[in-house]
Protein chains: 2
Amino acid sequence: MLNFEHYTPTEIVFGKETEKQVGNLVKKHGGTKVLVHYGSNSAVRSGLLDRVCGYLKDAGVEYVTLGGVVPNPRLSKVYEGIELAKKEKVDFLLAVGGGSTIDSAKAIAYAIADPGLEDVWDLYAGVKEPAACAPVGVILTIAAAGSETSNSSVITKEDGWLKRSVNNDLARPRFAIMNPELTYTLPPYQTASGGVDIMMHTMERYFQQTKPLDITLGMSEALLRNMLKYLPAALENPTDYEARAEIMWCGSLAHIGLMNLGGTRGDWSCHQMEHELGGMFDVAHGAGLAALWATWARYVYKALPERFVTFATNVMGVEPGADDDETINRGIDAFEAFLETVRMPRSLTELGIQPTDEEIKELVWKCSFEGKRTIGGAGVRALNAEDMEAIYRAAY
Amino acid sequence: MLNFEHYTPTEIVFGKETEKQVGNLVKKHGGTKVLVHYGSNSAVRSGLLDRVCGYLKDAGVEYVTLGGVVPNPRLSKVYEGIELAKKEKVDFLLAVGGGSTIDSAKAIAYAIADPGLEDVWDLYAGVKEPAACAPVGVILTIAAAGSETSNSSVITKEDGWLKRSVNNDLARPRFAIMNPELTYTLPPYQTASGGVDIMMHTMERYFQQTKPLDITLGMSEALLRNMLKYLPAALENPTDYEARAEIMWCGSLAHIGLMNLGGTRGDWSCHQMEHELGGMFDVAHGAGLAALWATWARYVYKALPERFVTFATNVMGVEPGADDDETINRGIDAFEAFLETVRMPRSLTELGIQPTDEEIKELVWKCSFEGKRTIGGAGVRALNAEDMEAIYRAAY
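No experiment lies behind these values; they were computed from the predicted model shown.

S.K.: Hey, could you run me through the nonpolar core in this one?
M.R.: A general tendency of soluble globular proteins is for nonpolar side chains to be buried together. Trp-249, Trp-293 and Trp-296 of chain A together with Trp-249, Trp-293 and Trp-296 of chain B are the most contacted members of the largest nonpolar core, which totals 232 residues. Those residues in contact with Trp-296 of chain A that lie beyond four places of it in its chain are Phe-207, Asp-267, Ser-269, Cys-270, Phe-308, Val-380, Leu-383 and Ile-391 of chain A.

S.K.: What exactly am I supposed to notice about the packing of aromatic side chains here?
M.R.: Each aromatic ring pair is specified by the distance between its two centres and by the angle formed by the two planes. If you walk through the whole model with that rule in mind, you get 36 aromatic pairs over all chains. Between Phe-14 of chain A and Phe-4 of chain B the ring centres are 4.5 Å apart and the planes differ by 5°, which places this aromatic pair in the stacked class. One end of the pair, Phe-14 of chain A, is in strand 1 (residues 4-14); the other, Phe-4 of chain B, is in strand 1 (residues 4-14), on a second chain. Note on Phe-14 of chain A: relative accessible area 1%, which makes it buried. A ring pair is formed by Phe-335 of chain A and Phe-338 of chain A, whose centres lie 6.1 Å apart and whose planes are at 40°; its orientation type is tilted. Within this pair, Phe-335 of chain A and its partner Phe-338 of chain A are both found in helix 13 (residues 324-341), separated by three residues, close to a single helical turn. Residue Phe-335 of chain A is classed as buried on the basis of its relative accessible area, which comes to 1%. For Phe-338 of chain A, a relative accessible area of 7% gives the class buried. Three or more aromatic residues link up through ring pairs in this structure, and these residues are Tyr-206, Phe-207, Trp-293, Trp-296, Tyr-301, Phe-308, Phe-311, Phe-335 and Phe-338 of chain A.

S.K.: Help me understand the relation of the copies chain A and chain B, please; the structure alone is not making it clear to me.
M.R.: Each of the two chain copies can be brought onto the other by rotation about an axis and movement along it. Each copy superposes on the other: chain A lies on chain B with an RMSD of 0.0 Å after a rotation of 180° and an axial shift of 0.0 Å. Such values leave the two copies arranged in the relation of a two-fold axis. For chain A, the smallest separation between a C-alpha atom and the rotation axis is recorded for Pro-9 of chain A, amounting to 2.0 Å. In this assembly the copies share their binding face: 100% of the residues contributing to the interface of chain A also contribute to that of chain B.

S.K.: Please explain empty space enclosed by the protein as it appears in this structure.
M.R.: It is the rolling of a water-molecule-sized probe over the atoms that shows where space remains empty. Applying the stated criterion to the full structure yields three cavities of 30 Å³ or more. Put simply, the largest cavity is a space of about 80 Å³. At the level of secondary structure, the elements contributing two or more residues to the lining of the largest cavity comprise strand 1 and helix 9 (241-255) of chain A together with strand 1 and helix 9 (241-255) of chain B. Looking at side-chain class alone, the lining of the largest cavity contains eight nonpolar, four polar and no charged residues.

S.K.: How do you make sense of the interface of chain A and chain B when you look at a structure like this?
M.R.: The figure often quoted for interface size is the accessible area lost as the parts come together. Contacts between the two partners involve 39 residues from chain A and, on the opposite side, 39 residues from chain B. Contact with chain B buries surface across chain A, with Phe-4, Ile-215 and Trp-249 of chain A losing the most and accounting together for 18% of the total. Residue Lys-211 of chain A pairs with Glu-242 of chain B through a salt bridge whose shortest N-O separation is 3.5 Å. Connecting chain A to chain B are 16 residue pairs in polar contact (both at pLDDT 80 or more).

S.K.: Would you mind going over the sheet that holds strand 2 (residues 33-38) of chain B with me for this structure?
M.R.: Within a sheet, each strand pairs with its neighbour through backbone hydrogen bonds, oriented either parallel or antiparallel. Judged by pairing direction, the sheet is mixed, and its twelve strands sit side by side in the order 3(A)-2(A)-4(A)-5(A)-8(A)-1(A)-1(B)-8(B)-5(B)-4(B)-2(B)-3(B) without closing on themselves. Only two strands of the sheet have a single neighbouring strand rather than two, namely strand 3 (62-66) of chain A together with strand 3 (62-66) of chain B. The sheet shows a mean angle of 25° between the axes of neighbouring strands, taken without regard to direction. Alignment of strand 1 of chain A against strand 1 of chain B, held across seven bridges, turns out to be antiparallel. Bridge pairing links Phe-4 of chain A to Phe-14 of chain B in strand 1 of chain B. Along the sheet, helix 4 (residues 75-87) of chain B makes contact with strand 2 and strand 3 of chain B, crossing strand 3 of chain B at roughly 155°.

What counts and what doesn't
Residues take numbers from 1 onward in each chain, read along the sequence in its written order. All chains are assigned letters beginning at A, and all ligands numbers beginning at 1, according to the order in which they are written. Two thresholds apply to this predicted model, a pLDDT of at least 70 for residue-level local features and 80 or more for giving and counting side-chain atom pairs, whereas whole-chain, interface and lining totals are computed over all residues. To obtain the side-chain values, all non-hydrogen atoms of the structure were used and water was disregarded. Nine residue types can take part in a nonpolar core, namely buried Ala, Val, Leu, Ile, Met, Phe, Trp, Tyr and Cys, and a core is a set of them joined through side-chain atoms within 4.5 Å. For the exposure calls, accessible area comes from a 1.4 Å probe over protein chains only, and a residue counts as buried if that area is under 20% of its type's maximum, exposed if over 50%, partly exposed in between. Note on contacts: a residue pair is in contact if any heavy atoms of the two residues lie within 4.5 Å. Any Phe, Tyr or Trp ring, taking Trp's six-membered ring, that has another such ring centre within 6.5 Å forms a pair; planes under 30 degrees apart are called stacked, those over 60 apart edge-to-face, and the others tilted. Numbering goes from the N terminus for both helices and strands, where a helix is a DSSP run of H or I of at least four residues and a strand is a run of E of at least two. Residues reaching a pLDDT of at least 70 in both copies supply the C-alpha atoms on which the copies are superposed by least squares. Lining residues are those with an atom within 4 Å of a point, where the points come from a 1 Å grid over the protein atoms alone and group into cavities, where a 1.4 Å probe fits but cannot get out, or pockets, open sets with protein on both sides within 12 Å along at least five of seven lines. Grid points are joined across faces, edges and corners, and a volume is the space filled by probe spheres set on the points. Residues were grouped as follows: Ala, Val, Leu, Ile, Met, Phe, Trp, Tyr, Cys and Pro as nonpolar; Asp, Glu, Lys and Arg as charged; and all remaining residues, including Gly, as polar. Here the quantity called buried area is the accessible surface, traced with a 1.4 Å probe, that two parts lose on coming together, added over both. Within this document, salt bridges are pairs made up of a side-chain nitrogen of Lys or Arg and a carboxyl oxygen of Asp or Glu, the two lying within 4 Å of each other. Under this definition, polar contacts are N or O atom pairs within 3.5 Å; protein pairs additionally need one hydrogen-donor-capable and one acceptor-capable atom, and for neighbouring residues in sequence, both atoms have to be side-chain atoms. By definition, two strands form a pair when at least two bridges between them are found by DSSP. A fitted line through C-alpha atoms serves as each axis, taken over the contacting stretch for helices, and the angle formed by two N-to-C directions is quoted from 0 to 180°.

Rendered as structure tokens:
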């Protein structure tokens, strides 16, 4: 068991109509001029953006708006936000959306808080450490990334389609408004993709050689069982408040830092291999993870059979087989069957992409940092470029 | 399901030798002159207090010390601390101990932060609302109360032996240093009593008419199962780091606010009835809860059979009986059997007290606020004075 630190200062305001409190929350957390950051047109079409701007106005808070954040949020949009925020003397970022919008807001917040930082990409490239971050608030509309309480931000640089992350407590949002009703209109594919992302945030931590606290593993198993129950329920009835609420809160719990305490940060091989898929092919993040996981699991499970056994029995609820191998494979099969019920891909082909040999080489080249790094070493098993290629190919 | 807010800003620093970081943590959170507050002689005898003062000195932080906090911490000690803190211009409270010491520190912190507050007891008597609270830091030496991350403080006024609490986010500690090794020397009775307190913090929330989120219930069950496993392990081998760590982290999780999200604050009847026992007879808090719980459960379970059934099957792991009644009673019996294995009392007599008729009347009189309030109404079932008397008598 490892020592750990755990710091989760985000003020969570959860439930129906909670977005009406946004003006007071911005003021409480020191905002005087807000950049309202959002993504696609759905926030506009649904009327949410207008309502939010109205609440800010009612509370006497000045604001400017910037939309157009896309999934796998782009560095160019971040630069646009930085320029606008500086020009308008913005001191608070309000993200209205999901993980992409929140991550883009965090990137802008890093940039405007540190005049000494010439290019915010330096943080993502790992060349510099964050020194400061302007306050960020969130109105969450997609349950998936957990960025509303997490310390992480992932940005894609168009030049070379590099997708890179920064994890720093400075960027933890000051508040997160979470109204499950705001996710009612999310299309089924996005709902399912977000659900898989939530599960994978838990599983990337659950599968690791260093045994976390038992209570950590027990809570992770409870979270995964909860998702197995409520993700299909939300797909069946998109306005099932209970299901949407369970999924939304699980999304935060999965990524707030609770689910690996006592262990290392986890494996994250699937996330890193998916990041390259997302960067090159612009697939939905959770769907990309779904397409890779079972292949990864079958490739590595012999390095940590005991955890794959408890996953099979305690999470997937399968009957133990004649030996560990059989139990484990039943668990992985059961997870694939679950993916099928929520109409998520179990392979790259089902994901809708068929990378050429050249493209697979490029994916591996990027994911291995030009052959210079392995991934997954803090988790189940370190993977080098050769392993990555084998998994990408087997996931075909 | 109810809307909720969740705010847990305490910076947790968990693991071996973490107390060495105390000087830097005090400075990070703005402390310049510290009142080091502690309880019995064990902190002195073990050398911990000297070490802590040394770490503060090394970090260039000034301090004064005040010991002598007792279980069911007294208002007179709080007054003494306030006088000392004001005289010494203290701006930071450092509690070195368990719940009693932390609660006493919180009371002092309320008083010194609000010059307009003439008598801090007014907060506990419910006459005034807290307006401010000086920063509090914690070095935890007893896993039990969860006060190291919670917003609550419980103080006993000697005049009338009234035990009252204040719950306010202002009092959440800025940091909590949690080194499981510091609990190695805790006597078995205190270890077990603390363990029961941790379980009861979870159970008082678990048993309520308003259904919390399913993930809340699932995490609560995982926490309770973890305590069933690790409390006996810590009693068997007091220097079992893993067991001490599991218990210590469960103590925080149980009371940090996670375990009732989506529901009301819970029942708390046992806590309130035990508070009066603690005030009048000065019994160990967890032991007092142990002595009451099964009697309370048998008295109220028909008002919420479904939750008592899941407690029996999912937590206590009993085989379902022929009907719910049988299942529920098996679960309550199993909990009593667990109490016996950890040598905790299952009745007032086993607790070592045999209140006279007069004393039972006085307990009820105080717990019912002179017959004017019911308890438990937000949980399983409201109890009036007559119910309280029946439970105190049946728990004999």
